[in-house]
Amino acid sequence: MSANDTLFFTREAKGAVVASIEILHGVDDAEILNIETLPSHRRQGLAQSLLAETFDWARQNQRQALWLEVRASNDAAVNLYLKTGFVQISTRKRYYSDGEDALVMKYTL
């Protein structure tokens with residue numbers, strides 16, 4: 001994997017990045033590695049707009065699906081992903097270093 005395999009989209013406020021998404025792109029699919037919003041800018045639609053931009057990019061670049069893992073306890077993120085069209089595919093038991101499970105989710109384009 002090289003730096004050219006990752007893509008970033010960001011949102012700024014007053015010249016500072018307040019939300020970002022990192023995507024690892026392969027030949028057919030892509031994986032969302034990280035999406036984050038500063039606490040002071042949450043619940044303003046920034047993550048949803050980053051996902052929409054990612055969906056547009058994926059369609060334009062003929063990707064078939066987007067994948068991600070999310071903490072099972074992260075209700076806000078899980079709800080956002082479900083609302084935007086992701087479906088839960090499986091669970092990775094004890095995926096995180098603290099023993100928490102990860103939900104594997106997929107968005108089919």
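Higher on the page you've got the structure.
These figures come from a predicted structure and were not determined experimentally. (Residues numbered from 1 in each chain as written. Predicted model: local features only at pLDDT ≥ 70, side-chain atom pairs only at ≥ 80, totals over all residues. Heavy atoms only, no water.)

## Structural notes on the overall build of the protein chain
Step number 1: Check the secondary structure of the protein chain and you find two helices and six strands.
Step number 2: Listing every helix and strand of the protein chain by position from the N terminus yields β-β-β-α-β-α-β-β.
Step number 3: In terms of C-alpha radius of gyration, the protein chain reaches 14 Å, essentially the compact-globule figure of 13 Å for 109 residues.
Step number 4: Reported as C-alpha extents along the three principal axes, the dimensions of the protein chain are approximately 40 × 35 × 30 Å.
Step number 5: Of the contacts formed within the protein chain by residues at least 6 apart in sequence, a portion of 50% connects residues at least 24 apart.
Step number 6: Only carbon and sulfur atoms are counted for the fraction: they give 47% of the accessible area of the protein chain, which is about 6,700 Å².
Step number 7: In the protein chain, which carries 12 positive and 14 negative side-chain charges, the distance between the mean positions of the two groups comes to 6 Å. (Helix = DSSP H or I, 4+ residues; strand = E, 2+ residues; numbered from the N terminus. Rg over C-alpha atoms; globule rule 2.2 N^0.38 Å. Contact = heavy atoms within 4.5 Å. Areas by Shrake-Rupley, 256 points an atom, 1.4 Å probe, with all protein chains shown as cover. Lys, Arg positive; Asp, Glu negative; His and termini not counted. Charge placed at Lys NZ, Arg CZ, Asp CG, Glu CD.)

## Quick word on unusual backbone geometry
Peptide bonds are trans in most cases, and residues, glycine excluded, mostly fall at negative phi.
Step number 1: Positive phi is not limited to glycine here, since Lys 14 has a value of about 55 degrees.
Step number 2: Residue position: Lys 14 is located in the loop between strand E1 (6-13) and strand E2 (16-25).
Step number 3: Given the relative accessible area of 90%, Lys 14 is considered exposed.
Step number 4: Phi is positive for Arg 94, which is not a glycine, with a value near 50 degrees.
Step number 5: Within the element layout of this structure, Arg 94 appears in the loop between strand E5 (87-92) and strand E6 (102-108).
Step number 6: The class for Arg 94 is exposed, based on a relative accessible area of 62%. (Buried < 20%, exposed > 50% of the residue type's maximum accessible area, 1.4 Å probe, protein only.)

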